[in-house]
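Letter by letter, the chains look like this.
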Amino acid sequence: MVKNLKFIDLFAGIGGTRIAFEKNNCECVFSSEWDKFSQQTYFANFGEMPKGDITKINSNEIPDFDILVGGFPCQPFSSIGKREGFKHKTQGTLFYEIVRILNDKKPSAFLLENVPGLINHENGKTFNIIIKTLEELNYTIFFKVLNSADFGVPQKR
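Residues numbered from 1 in each chain as written. Predicted model: local features only at pLDDT ≥ 70, side-chain atom pairs only at ≥ 80, totals over all residues. Heavy atoms only, no water.

A.B. asks: Got a sec to walk through the pairing of strand 3 (residues 67–70)? Specific residues and values, please.
C.D. replies: Burial along strand 3 is two-sided: the residues Ile67 and Val69 and Leu68 and Gly70 are all buried. Where strand 1 (residues 6–10) meets strand 3, four bridges bridge the pair, whose relative direction is parallel. Directly across from Phe7, in strand 3, lies its bridge partner Ile67. Note: strand 3 against strand 4 (residues 109–112), four bridges, orientation parallel. In the sheet register, Gly70 faces strand 4, and the bridge partner there is Leu112. (Buried < 20%, exposed > 50% of the residue type's maximum accessible area, 1.4 Å probe, protein only. Helix = DSSP H or I, 4+ residues; strand = E, 2+ residues; numbered from the N terminus. Pairing = 2+ DSSP bridges.)

Take a look at the structure:
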């Protein structure tokens, strides 16, 4: 019998990534989303209210899991924004909350999602910091830029 993998859903939004994991026999054991309207929609979709601000959640409050899933805020890295990156006061350093949880919980794998602009932000320096930081936690990193239009979604993102 195949073991159902357990995952956590960080920066969960309304739960789009959760749907994909659940369709593949994975079980969500924890979710976090700070936006109250997204929380309400997530609850309507899954019958579960995500915990709030991840910066206020201690790692020991998170159940053990196999995969961390997180779409950390993209606004600081997007080509249509100010591109403040890690310098953005409230969203720029939220990647490091993922690092904290990966370091504390040591899951087998993770999936992170962001915008294509992350790769060339500050001439690639930001992405290199992210890759190096994750490699320092002893993870092997694979990345790919995907376009939602290639998957039947009526937008180019």
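A.B. asks: Can you explain the side chain of Asp9? Please cite residues and give values.
C.D. replies: Along the polypeptide, Asp9 turns up in strand 1. Arg18 provides the closest opposite charge to the buried, unpaired Asp9, separated from it by 5.5 Å. A polar atom in the side chain of Asp9 sits 2.9 Å from the side chain of Tyr42. Non-local contacts of Asp9, meaning those with residues more than four positions away in its chain, are made with Gly15, Arg18, Cys28, Phe30, Ser31, Ser32, Tyr42 and Val69. (Lys, Arg positive; Asp, Glu negative; His and termini not counted. Salt bridge = Lys/Arg side-chain N within 4 Å of Asp/Glu carboxyl O. Polar contact = N/O pair within 3.5 Å; in protein donor to acceptor, adjacent residues only side chain to side chain. Contact = heavy atoms within 4.5 Å.)

A.B. asks: Break down helix 5 (residues 125–136) for me, citing the residues and quoting the values.
C.D. replies: Taking 1.5 Å of rise per residue, 12 residues should cover 16 Å, and helix 5 covers 16 Å from first to last C-alpha, within 8% of that figure. Looking only at helix 5, the buried set comprises Thr126, Phe127, Ile130, Ile131, Thr133 and Leu134. Buried residues of helix 5, seen end-on, are gathered within an arc of 165° and therefore sit on one face of the element. Opposite the packed face of helix 5, turned more than 90 degrees from it, sit the exposed residues Lys125, Asn128, Lys132 and Glu136. Asn138 sits one or two residues past helix 5 and shows a positive phi near 70°. (Expected span 1.5 Å × (residues − 1). Arc of directions from axis to C-beta.)

A.B. asks: Can you break down a nonpolar patch on the surface residue by residue, with the values?
C.D. replies: A surface patch of nonpolar side chains, amounting to about 270 Å² of accessible area, comprises Ile119, Phe143 and Val145. Summarising the element assignment, Phe143 is placed in the segment after helix 5. (Patch = residues over 30% accessible without salt bridge, like charges linked within 9 Å, V, L, I, M, F, W, Y side chains within 5 Å. Areas by Shrake-Rupley, 256 points an atom, 1.4 Å probe, with all protein chains shown as cover.)

A.B. asks: Break down the side chain of Glu97 for me, citing the residues and quoting the values.
C.D. replies: Of note, Glu97 is situated in helix 3 (residues 95–105). Within polar-contact distance, the side chain of Glu97 engages the side chain of Arg100 at 2.8 Å. The residues contacting Glu97, other than those within four sequence positions of it, are Ile54 and Thr55.

A.B. asks: Provide a residue-level description of the sheet that holds strand 1, including the pertinent values.
C.D. replies: If you trace the four strands from one edge of the open sheet to the other, you get 2-1-3-4, paired in parallel fashion. Each edge of the open sheet carries a strand with a single partner, namely strand 2 (27–32) and strand 4. With strand direction ignored, the average angle separating the axes of adjacent strands in the sheet is 15°. Pairing of strand 1 with strand 2, which is carried by five bridges, proceeds in the parallel orientation. Residue pairing across strands places Ile8 opposite Phe30, the latter belonging to strand 2. (Axes fitted to C-alpha atoms, helices over the stretch in contact; angles between N-to-C directions.)

A.B. asks: Kindly report on the nonpolar core, identifying the contributing residues and their values.
C.D. replies: Nonpolar side chains in soluble globular proteins generally cluster together in the buried interior. Ile8, Leu10, Phe30, Ile54, Ile62, Leu68 and Ile101 are the most contacted members of the largest nonpolar core, which totals 21 residues. Those elements that provide at least two residues to this core are strand 1, helix 3 and helix 5. Counting residues per element, this core draws most heavily on helix 3, which supplies five residues. If we skip the residues at most four places from it in the chain, Ile8 touches Val29, Phe30, Ile62, Phe65, Ile67, Leu68, Val69 and Ile101. (Core = buried A, V, L, I, M, F, W, Y, C linked by side-chain atoms within 4.5 Å.)

The quantities given are spatial measurements derived from coordinates; they are silent on function.
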